[in-house]
Amino acid sequence: QPLSKVTTLQLQRVYNQLMKSGKKDGKPLSIKSVRNIHGAVHVALETAVDWGLLRMNAATRCKLPPAPKREAVALDFSAARRLLESSSDHWLADFLIVDIACGCRRGEMLALTWHAVNLDAGTVTIGKSLEQTKAGLRVKETKGRNVRIVTLPEDAIKALERISVARDERRKLFGSDYRADLDLVFCHPDGSYIRPDTVTKAVRRLAKKAGFSGVSLHTLRHSHGSQMLSAGVPLPVVSKRLGHTDIYTTARVYAHALASDESAAAEKWETAMKRTENPKVVEMPLKKKQA
């Protein structure tokens, strides 16, 4: 059908159908997904208007429900420690220690190589990400294509040292079958990639075992950002550490943490202001008039 024949009513019916049974299994697409589709259609039609191919944008008057706002779960320092202690005997124990200490994305952790680790400096360079697709696993650039260096605390450095020792033992055990060419930090015993969904499912089970509801692998990243801000780390530093494209993204995602910091800032201001109450008046000696 020609673009000029597309009407607002037709588009609205398509959106309504997607929200009713848009998935392959007949289940509804999420409002967010449908809004994303609408956004792409709107931009395409608006471009056609700009180029003189259409007189009006039929998508402009479509009505879609607002995307539901869901605040991500974040663990405080005490809860994060409880999760780590509960998982101390699990095969992902050291993975969790490093992940919660650096706030990296799942794919970034699973694509991390020893070449990007500097144990002496206590840093890791994040520049790649492991993606799970229908065609299989592939390594791609990080979100935003930005390479960043993340400094690690002592616990995370010790975890990496333990992983390094275990790697040497496994290389001897597997011999030529070990995937030394991948140089992975977090991997299967034979050095091969771990599927992202395998880690995701395992972390959910561990969180449930520790008594947490709604906690996922992404929760650890979100918790890291929240914890850093609550500890007084400046917003630009947290933004860079998380690999956000700009500080506005960080401010939007962690608005809840910034709100608590705002309350703390008010208290600090009030405390400082009270220190100036009833200041001592220092009298300055009068200068004698010259004759």
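Residues numbered from 1 in each chain as written. Predicted model: local features only at pLDDT ≥ 70, side-chain atom pairs only at ≥ 80, totals over all residues. Heavy atoms only, no water.

Visitor: Describe in detail the side chain of R241, supporting the description with residues and values.
Guide: Within the secondary structure layout, R241 lies in helix α9 (residues 235-242). For the buried R241, no salt bridge is present, and the opposite-charge side chain at shortest range is D99, 10 Å distant. Apart from residues lying up to four places away in sequence, R241 is in contact with A101, C102, R148, V150, T151, H224 and M228. (Helix = DSSP H or I, 4+ residues; strand = E, 2+ residues; numbered from the N terminus. Buried < 20%, exposed > 50% of the residue type's maximum accessible area, 1.4 Å probe, protein only. Lys, Arg positive; Asp, Glu negative; His and termini not counted. Salt bridge = Lys/Arg side-chain N within 4 Å of Asp/Glu carboxyl O. Contact = heavy atoms within 4.5 Å.)

Visitor: Before we move on, could you go through the nonpolar core and cite the residues and values that matter?
Guide: Judged by nonpolar contacts, the single largest core of 44 residues is most densely connected at F95, L160 and F186. Those elements giving two or more residues to this core turn out to be α3 (77-86), α4 (93-102), α5 (106-110), β2 (123-126), α6 (154-174), α7 (196-209) and α8 (217-230). Looking at this core element by element, the count peaks at seven residues for α4. Excluding residues within four positions of it along the chain, F95 makes contact with M109, L110, F186, V199 and L217. Counting residues in each nonpolar core, the second largest holds 11 residues, with Y15, L45, A48 and L64 among its members. (Core = buried A, V, L, I, M, F, W, Y, C linked by side-chain atoms within 4.5 Å.)

Visitor: Give a detailed account of the pattern of salt bridges, specifying residues and quantitative values.
Guide: All told, the structure shown has 12 salt bridges when counted by the stated rule. As a salt-bridge pair, R162 and D94 come within 2.6 Å of each other at their nearest N and O atoms. Within this pair, whereas R162 is found in helix α6, its partner D94 is found in helix α4, the two being separated by 68 residues in sequence. You can call D94 buried: its relative accessible area is 18%. A salt bridge links R148 to E108; its shortest N-O distance comes to 2.7 Å. Of the two residues, R148 is situated in strand β5 (residues 148-151) and E108 in helix α5; the sequence distance between them amounts to 40 residues. The class for E108 is buried, based on a relative accessible area of 1%. By sharing partners, the salt bridges in this structure join R105, E108 and R148 into a single network.

Visitor: Summarise the layout of surface pockets; cite the residues concerned and give the values.
Guide: One water molecule sets the probe size; rolling that probe over the atoms shows where empty space is left. If you add up the space inside the second largest pocket, you get close to 340 Å³. Every residue lining the second largest pocket is counted, 17 residues in all, and those nearest its centre are W91, L92, D94, I163 and R170. Mapped onto the lining of the second largest pocket, the elements with two or more residues apiece are α4 and α6. Ranked by residues supplied to the lining of the second largest pocket, first place goes to α6 with four residues. (1 Å grid on protein atoms, 1.4 Å probe; cavity = no way out; pocket = protein on both sides within 12 Å on 5 of 7 lines; lining within 4 Å. Points joined across faces, edges and corners; volume = space filled by probe spheres on them.)

Visitor: Explain the environment of E161 to me, using residue names and the numbers behind them.
Guide: Assignment of secondary structure puts E161 in helix α6. Counting along the chain gives 42 residues from E161 to L119, while the straight-line C-alpha distance between them is 7.7 Å.

Visitor: Talk me through empty space enclosed by the protein; I want residue IDs and the actual numbers.
Guide: Enumeration over the complete set of coordinates arrives at one cavity of 30 Å³ or more. Of the voids in this model, the largest cavity is the one considered here, and its volume is about 40 Å³. Lining the largest cavity, in full, are I163, R167, R170, Y178, L184, V185, C187, H188 and P189. Tallied by class, the residues present in the lining of the largest cavity amount to six nonpolar, one polar and two charged. (Nonpolar A, V, L, I, M, F, W, Y, C, P; charged D, E, K, R; others polar.)

Visitor: Can you explain the pairing of β5? Please cite residues and give values.
Guide: Taking every second residue as pointing to the same face, the buried face of β5 carries R148 and V150, while none of I149 and T151 on the other face is buried. Where β2 meets β5, four bridges bridge the pair, whose relative direction is antiparallel. Following the sheet pairing, V124 is matched in β5 by V150. (Pairing = 2+ DSSP bridges.)

Visitor: Help me get a handle on the packing of α8 against α9, residues and values and all.
Guide: α9 packs onto α8 with a crossing angle of 160 degrees between their chain directions and a minimal axis gap of 10 Å. Judged on the interaxial angle alone, α9 and α8 are roughly antiparallel. Both α8 and α9 take part in a crossing whose hand is right-handed. Contact residues: R221, H224, G225, M228 and L229 in α8; L235, V238, R241 and L242 in α9. (Axes fitted to C-alpha atoms, helices over the stretch in contact; angles between N-to-C directions. Parallel < 35°, antiparallel > 145°, perpendicular 65-115°, else oblique. Left-handed = near helix turned anticlockwise from the far one by under 90°.)

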